[in-house]
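Structural overview
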Amino acid sequence: MYVLISNVGSTSLKFKLYRMPQEEVLCEARVERIGSQDGIYRYKNDMNGQERSLPSVPLGSYVDGISMFLEDMCGAERGVLTSVNEVEAVGFKTVVSKGFNGTVLLTDEVMQGMRDYLFIAPVHNSAYISAIDQFRSILPDTPMIGVFETSFHSTVPLENRLYSLPYEWYEKYGLAKNGYHGASFAYVSQEARRDGDFPRIIGCHLGGSCSICAIKDGKSYDTSFGFSLQTGVPHANRCGDTDPYTVPFLLDQGMSLKEVMEGLEKRGGMLGISGVSNDLREIQEAAEAGNERAQLAINVFVTAIVRYIGAFYAELGGLDKLVFTGGIGENSATVRGMVCERLSHMGVELDREANMRTRGSGYISSPDSPVKVQVIAANEELGIARETYRHLKETGK
Ligand code: ADP
């Protein structure tokens, strides 16, 4: 069975075609800078290694990127399928939809639920809504499946999800933690328990978005992400935890709600504190060159991560394994090292040499460390492919 997985960004698309249940990737593509005359398109046939790279191509909308990929996927030259009809379903890492969770067929009702929650996931939901609509126009007969980022967190007990707000707001509006990064943590949970029974795991997904997740017996037990994606530890350019009274205060100072929201969603996080960049590589370089605000941003980021790990350690009643994943978690020995050095009292013993050398995957704790520390390369697409396949098998669609 062939399942196509698409990861949607606000100006990018990533594709992977899987043969399931073998979990074999047949071809993949990356489309960047959608909406510009200067787009980037890269395709690879993973069966024979053939590639096509277009460094500057007009990409008016998602339709252009989708069409280019489908032509390559089914083309005589670099293709792996003879017809697009061989694709059983397209799976998406959808974010949040009012009234829906888990892995679902993307019906009109589910899409409406995504529109209803545009307010809490403005960047993510708007990108998915328009990409899915455009996929549907090109592939009207292929089922579109959404694997919601909130689904892994459906096991979080209510006492860990609820805010101390009037209870009727929870009943009426569902105001409680949703949690996100579900596809990543579901994958981390499976991979981290491959070589042992680790009942208490804390996962740190650190990338453009960042969150910490307490995993108890393989299930999500708590998460730093809240109702919206503007919560928890600082993100690349979105704020993390903030006092809710900052919003009415800023309105009272004369700012408009639009300006405040723009600050929370686009000018906060690591960019907001450092004033340098939303990319940690550039912030690290600036800090090394003596930029104090860049160093301050890194320190705030590390403290926020340590704070959540401490809280979740207490909630879990101890810790067996700490996991780093995502672009920063996989590549920044600096951040991993700064976090782990502050956790030695919890039994985290870092192998500094292993930490410096590890990129992607591997253990970075010393062999005798009571708490194991593992770097796991994120593979959200495989998590989505597994869920999409399971859904198709169970529903017979
Ligand atoms: P997204 O959440 O958008 O998928 P990624 O998981 O790819 O993003 O993570 C992007 C982040 O990873 C960026 O902040 C980038 O600076 C950081 N990153 C990537 N490589 C390195 C590196 N070698 N050192 C430090 N940070 C890195």
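Preceding this paragraph is the structure being described.
All of the points below concern the structure found in this document.

The rules behind these values
Residues numbered from 1 in each chain as written. Predicted model: local features only at pLDDT ≥ 70, side-chain atom pairs only at ≥ 80, totals over all residues. Heavy atoms only, no water. Axes fitted to C-alpha atoms, helices over the stretch in contact; angles between N-to-C directions. Helix = DSSP H or I, 4+ residues; strand = E, 2+ residues; numbered from the N terminus. Parallel < 35°, antiparallel > 145°, perpendicular 65-115°, else oblique. Left-handed = near helix turned anticlockwise from the far one by under 90°. Contact = heavy atoms within 4.5 Å. Nonpolar A, V, L, I, M, F, W, Y, C, P; charged D, E, K, R; others polar. Core = buried A, V, L, I, M, F, W, Y, C linked by side-chain atoms within 4.5 Å. Buried < 20%, exposed > 50% of the residue type's maximum accessible area, 1.4 Å probe, protein only. Salt bridge = Lys/Arg side-chain N within 4 Å of Asp/Glu carboxyl O. Pairing = 2+ DSSP bridges.

As for the packing of helix α2 (residues 108–116) against helix α3 (residues 122–138)
- Where α2 meets α3, the closest approach of the two axes is 9 Å, and the angle between their N-to-C directions is 155°. Here α2 lies roughly antiparallel to α3, going by the angle between them. Taken as a pair, α2 and α3 cross one another with a handedness that is left-handed. In this structure, α2 uses Asp108, Met111, Met114 and Arg115 to contact α3, whose residues at the interface are Asn125, Tyr128, Ile129, Ile132, Asp133 and Arg136.
- Across the contact of α2 with α3, the residue classes tally to 5 nonpolar, 1 polar and 4 charged.

Quick notes on the nonpolar core
- Leu4, Phe15, Leu17, Phe69, Phe92 and Phe135 are the most contacted members of the largest nonpolar core, which has 48 residues in total.
- Ignoring any residue separated from it by four or fewer positions in sequence, one finds Phe92 in contact with Ser6, Val8, Leu106, Tyr128, Ile132, Phe135, Met144, Ile145, Gly146, Val147 and Ile384.
- Counting 40 residues, the second-largest nonpolar core is a separate cluster that includes Cys210, Tyr221, Val339 and Leu343.

Observations concerning the packing of helix α6 (residues 182–192) against helix α15 (residues 380–395)
- Contact geometry for α6 and α15: axes closest at 8 Å, N-to-C directions at 90°. With respect to their mutual orientation, α6 and α15 come out roughly perpendicular. Of the residues in α15, those touching α6 at Ala183, Ser184, Tyr187, Gln190 and Glu191 are Glu380, Leu382, Ile384 and Arg386.
- When grouped by side-chain class, the residues that make up the contact of α6 with α15 number 4 nonpolar, 2 polar and 3 charged.

Observations regarding the pattern of salt bridges
- On inspection of all chains with the given rule, the structure shows 22 salt bridges.
- The salt bridge partner of Glu262 is Arg267, with a shortest N-O separation of 3.2 Å.
- Each of Arg52, Asp72, Glu77 and Arg78 takes part in a single network of salt bridges with overlapping partners.

Things to note about the side chain of Gln284
- As for its placement among the helices and strands, Gln284 is situated in helix α10 (residues 280–288).
- Since its relative accessible area comes to 15%, Gln284 is described here as buried.
- If near-sequence neighbours (up to four positions away) are discounted, Gln284 is found in contact with Ile298, Ser332, Thr334 and Val335.

Quick look at the pairing of strand β9 (residues 200–206)
- The buried fraction of β9 amounts to 6 of the 7 residues, a majority that puts the element mostly inside the structure.
- Alignment of β9 against strand β12 (residues 321–325), held across 5 bridges, turns out to be parallel. Note that in β12 the partner of Gly203 across the bridge is Val323.

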